[in-house]
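Here's the letter readout for the chains.
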Amino acid sequence: MNKQVALEMKQVSKYFGSLAANKNVDLTVYRGEILAILGENGCGKTTLMNMIAGIYYPDHGSIFVDGEEAIIRSPKDAFHHGIGMIHQHFKLVDIFTAAENIVLGVNDGKSYNIKEVNRRVGEIADKYGFHVDPKKKIYEMSVSEKQTVEILKVLYRGADILILDEPSAVLTPQETDRLFEILSRMREDGKSILIITHKLHEVMSISDRVAVLRKGEHIATVETASTSPAELTEMMVGKKVELNIDRPEPKNVTDRLEVKGLSLTNPEGIKVLDNISFVARSGEILGIAGIAGSGQKELLESIAGLSHPTTGEIIYNNPKTGTAENLRDKDPVAIRELGVRLSFVPEDRLGMGLVGNMDIVDNMMLRSYRKGHSMFVDRKKPRDLANRIVAELEVSTPNTHTPVRRLSGGNVQKVLVGREIAASPTVLMAAYPVRGLDINSSYTIYSLLTKQKENGVAVVFVGEDLDVLVEICDRILVLCAGRVTGILDGRTTTKEEIGLLMTKTEVKEESGNENG
Amino acid sequence: MEQFFASFLDYFLTAFALGMTFLYGCTGEILTEKAGHLNLGIPGIMCIGGACGCLALKLMSGAAVPPVLLVIIAILASFAGGAIMGVIYCFLTVTLKANQNVTGLAMTTFGVGTTKFIMSDMSSAKEATQSYLYALKYFRYPFGESGSALVYNGFMVVLAIVIALAAAYVLNRTRVGLHLRSVGENPATADAVGINVTGYKYVATCVGSGIAALGGLFYIMCWSGSCDAYKSIEKLGWLSVALVIFTLWRPNISIIGSALFGLLYLAGNRIPTLLGIQFDMSVTKLLEILPYAVTTIVLIVTSVSKKRENQPPAGLGIPYFREER
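In this text, all values refer to a predicted model and were calculated from it rather than measured experimentally.

Conventions used here
- Numbering of residues begins from 1 in every chain and follows the order in which that chain's sequence is written.
- Here the convention is simple: chains get letters from A, ligands get numbers from 1, in the order in which they are written.
- Side-chain atom pairs in this predicted model are given and counted only at pLDDT of 80 or more, local residue features only at pLDDT of at least 70, and totals for whole chains, interfaces and linings cover all residues.
- Water and hydrogen atoms play no part in the side-chain values, which are based on all heavy atoms of the structure.
- Helix and strand assignments follow DSSP, with helices taken as H or I runs no shorter than four residues and strands as E runs no shorter than two, numbered in order from the N terminus.
- Radius of gyration here is computed from C-alpha atoms only, and the compact-globule reference equals 2.2 Å multiplied by the residue count raised to the power 0.38.
- Only heavy atoms matter for contacts: two residues are in contact if any of them lie within 4.5 Å across the pair.
- The positive count covers Lys and Arg only, the negative count covers Asp and Glu only, and His and the chain ends enter neither.
- Think of each charge as sitting on NZ of Lys, CZ of Arg, CG of Asp or CD of Glu.
- A helix is expected to span 1.5 Å for every residue after the first.
- Residue exposure (1.4 Å probe, protein chains only): buried if accessible area is under 20% of the type maximum, exposed if over 50%, otherwise partly exposed.
- Method remark: on a 1 Å grid restricted to protein atoms, a set of points is classed as a cavity if a 1.4 Å probe fits but cannot get out and as a pocket if it is open with protein on both sides within 12 Å along at least five of seven lines; lining residues have an atom within 4 Å of a point.
- Grid points are joined across faces, edges and corners, and a volume is the space filled by probe spheres set on the points.
- When residue character is reported, Ala, Val, Leu, Ile, Met, Phe, Trp, Tyr, Cys and Pro are called nonpolar, Asp, Glu, Lys and Arg charged, and the others, Gly included, polar.
- The term buried area refers to how much accessible surface (probe radius 1.4 Å) is lost by two components on association, counted for both of them together.
- The salt bridge definition used is simple: a Lys or Arg side-chain nitrogen within 4 Å of an Asp or Glu carboxyl oxygen.
- Polar contacts, as counted here, are pairs of nitrogen or oxygen atoms within 3.5 Å of one another; within protein the pair requires one atom able to donate a hydrogen and one able to accept it, and residues that are adjacent in sequence qualify only if both atoms are side-chain atoms.
- Strands were regarded as paired on the criterion that DSSP finds at least two bridges between them.
- An axis is simply a line fitted to the C-alpha atoms; with a helix, the fit covers only the stretch in contact. Between two such axes, the angle follows the N-to-C directions and lies from 0 to 180 degrees.
- The rule for a disulfide is simple: a pair of cysteine sulfur atoms within 2.5 Å.

*Asks:* Could you give an account of the overall build of chain A, with specific residues and numbers?
*Replies:* A tally of helices and strands in chain A yields 17 helices and 20 strands. In terms of overall dimensions, chain A is globule-like: its C-alpha atoms have a radius of gyration of 25 Å, near the 24 Å expected for 516 residues. Across its three principal directions, the C-alpha atoms of chain A cover 70 × 50 × 45 Å. Considering only contacts within chain A whose residues lie at least 6 apart along the sequence, 67% involve residues at least 24 apart. For chain A, the separation between the mean place of its 64 positive charges and that of its 71 negative charges on side chains is 5 Å.

*Asks:* Which residues make up helix H2 (residues 42-60) of chain B, and what values go with them?
*Replies:* Residues and elements named next belong to chain B. With 19 residues, H2 ought to run about 27 Å at 1.5 Å a step, and its terminal C-alpha atoms sit 27 Å apart, in line with that. Counted residue by residue, H2 has 16 buried out of 19 residues, so it is predominantly covered. Downstream of H2 by a residue or two, Gly62 has a phi angle that is positive, lying close to 90°.

*Asks:* So what's going on with empty space enclosed by the protein? Which residues, and what values?
*Replies:* All names here are of chain A. Under the counting rule described, the total for this entry stands at four cavities of 30 Å³ or more. Elements that contribute at least two residues to the lining of the largest cavity include exactly helix H2 (75-80), strand E6 (83-86) and helix H5 (143-156). Taken together, 14 residues make up the lining of the second largest cavity; nearest its centre are Glu40, Met236, Ile291, Leu466 and Met502. Looking at the lining of the second largest cavity, the elements with two or more residues in it are helix H8 (229-237) and helix H16 (495-502). Broken down by element, the residue count for the lining of the second largest cavity peaks at three residues, all from H8. Looking at side-chain class alone, the lining of the second largest cavity contains six nonpolar, six polar and two charged residues.

*Asks:* Lay out the interface of chain A and chain B with the relevant residues and their values.
*Replies:* Taken together, the contact pairs 26 residues of chain A with 19 residues of chain B. Carbon and sulfur atoms supply 59% of the area buried between chain A and chain B, which totals about 2100 Å² over both sides. Summed over the shared surface of chain A and chain B, the number is three salt bridges. Salt-bridge contacts for Arg181 of chain B lead to Glu100 of chain A; the nearest nitrogen and oxygen are separated by 3.8 Å. Inspection of the region where chain A meets chain B yields nine residue pairs in polar contact (both at pLDDT 80 or more). Within the residue set of the side of chain A that touches chain B, elements represented by two or more residues are H2 and helix H3 (98-103) of chain A.

*Asks:* Which residues make up the environment of Asp10 of chain B, and what values go with them?
*Replies:* Residues and elements named next belong to chain B. Residue position: Asp10 is located in helix H1 (residues 2-34). A relative accessible area of 29% places Asp10 in the partly exposed class. Placed 31 residues apart in sequence, Asp10 and Gly41 show a C-alpha to C-alpha distance of 32 Å.

*Asks:* Could you give an account of the sheet that holds strand E12 (residues 271-281) of chain A, with specific residues and numbers?
*Replies:* Residue and element names in this part refer to chain A. In spatial order, the strands read E12-E11-E14-E15; together these four strands make up an open sheet with antiparallel pairing. For this open sheet the edge positions go to E12 and strand E15 (324-326), each flanked by a neighbour on one side alone. Ignoring which end each strand starts from, the neighbouring axes of this sheet average 20° apart. The pairing of strand E14 (residues 311-317) with E15 spans three bridges and is antiparallel. From the neighbouring strand, Ile315 faces E15, where its bridge partner is Asn326. Across the sheet, helix H9 (residues 296-303) is in contact with strand E11 (255-265), E12 and E14; its angle to E12 comes to roughly 60°.

*Asks:* Can you explain the pairing of E12 of chain A? Please cite residues and give values.
*Replies:* All names here are of chain A. Across seven bridges, the pairing between E11 and E12 is antiparallel. By the bridge assignment, Leu257 is partnered in E12 with Ala280. If you look at the hairpin formed by E11 and E12, you'll find five residues sitting between the two strands, and Gly269 has a positive phi there, around 85°.

*Asks:* Mind laying out the state of the cysteines, listing which residues take part and the relevant values?
*Replies:* All names here are of chain A. A full pass over the atoms with the stated rule returns zero disulfides over all chains. Cys480 provides the cysteine sulfur closest to Cys43, a residue in no disulfide bond, and the two sulfurs are 17 Å apart. Take Cys43: its relative accessible area is 3%, and that puts it in the buried class. Here Cys473 stays unpaired: no disulfide links it, and the sulfur of Cys480, its closest cysteine neighbor, is 18 Å away. Under the relative-accessibility criterion, Cys473 is labelled buried at 0%.

Dropping the structure here:
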């Protein structure tokens, strides 16, 4: 085959602090091909692509475009080399029209004439089969239309190498099919297309080759035609790593929380939770595995009363009264009082749960200020609690009056989790509690969760690292696109089994489409 | 009846000319806000603009320069004074990312105070007054001395309208305008496509401040024709800021808006005379509320209608940090 090399990465590395996001990655992209970049969450796919697109600059290694070394320090440099990236979060100005967004930042030396831009956008759209009105305002557009504008933006600048970051994450299956048709047409036109994805069925259906990344390293690049989903999964998750997390046998197990047929449709009309049923038991850690955005957040928020499910029941067996209560009828405050605690750690740790400018004591008070009976708040108890958390969880802070935002990520998380645990919950839900933490802090959090389990708390742990889930959880629930694809025994299951379940329904769905 | 029309025409022309003070301030503030910066220092900047113009005239007194040059020097000095205020504001809010509201209010306090200091010296110095009066002649009566209110409608009125129309054209019809608007709406997007966000913010804010400063000069030299007029620039400056909201961030509408604000501002004084009735002083003062009341109504109407085009720039008042990972 006489394929022409469009882009080449040689021994590229990128570090964030001491953490290697990418290590010595070699990658070759040919003209007229679709290359899928496959890997789990946090394996460095997006970082790698961001280096090509000029968002980050590699610490080591070099990038070659058309055989010549390219120094790409900004998205502008990337455009200069004919590289354009379509990010997951669209970068569009809402009150501008499609054409205005497309032409933004383009300086082709010609005088600015929006009519001419409209015409050219129409031309490009026709060439590849997009449906778009250049005069339509972005805020009137659907998500897929916005994505179209992003792609056109890149094409308008004459890009030959297109990078798409999880393009199907925001699309319906029909829209995804349309997008893939367009991508095929671009491939025929000689463009190189890189798709970041973790959906195996998409990789199989659209790509020519697959590059698999794991923990920042390039594992292999294989021809799609000569591989199988099982082989790719194995490359993705890798061999089992022993973590030696203590996992005592559950004691006095009783059903604490029963979720029955829970469904939730988000404001965009997409079904984010689909008929979810499971039981969380006291004295047990129930792990929730799944690709980011499979409904983990919505599920926990529904239980905590922050989201309102469309159908289904959440039955809470109250250990104090022995009665069963439906949490769906209750507001978040009432649910909290029953002892159901959500310690949610979103991307921004301070976003939900803690106030950055307030000190540890004040943040403790956020949960206790309602309890006071006089008009003055009680500061003594929160102060004692703050001191206890700092001592027990080894939070490194000058004192309890340091604003929380000045603490390091791990310490902030300890404060957050510590506060929720201090309320002696009966159900503790922790989402990504170790995200961004170093090993030692992670282990502190794991042992905290295990300790809660031994105290008879029903722990729900949403995690992303399969190694950890397999080691710490008694049972693991696998979510995929808002559906439960399996509930596994944590002691006997394997990462491969979970990995396959994480992408399971999508394969089914696709074959269903072919039949119908 | 004839007399009614004559006095109405006088009211209208006076108000229209006064409105140009607002128009300078408003056009300047629109440019700033389109870059995503709420500059509440506009009243202070307008004061400084008046003071710098007068100061330049004072310094030039005795120099043998043609009057036209004197006028140009005064205008340039005024613009420069405003632009320097703009640079200070930008350094604080763009580079150091200080809170825009606090910085703006500080700029106003600073500007008003400095102006008082500069102007206190002005009316007393004899030679200054002479040069001032000399220039005043050319500011106010460029086409010879005639008695009607038309006299105020000198070249600075034309200049205000030209600047407003030019601003509207640049914002809506040029690439620079498109880039500037994108910086104010969504700086991250603008940054991602290679637009120099900091540069646009600095230039728009400084040029805007310079334009606003001319409003102060206009008020002292053209509309009132008295050095002491600097005392009332600040409140007119606040009206300019209100006018920005009233015109929904459109410089071309602001030409009409500024005339309307002029009419409303003078209503308490002029309408009783027009109708031949007498208002109590307190009522006259109370009627000065009219421009603010109208602005409030516009705010309510646009907030209720929620039409996206009529909302302030989405990035207004939010400091832009380039995201690191």
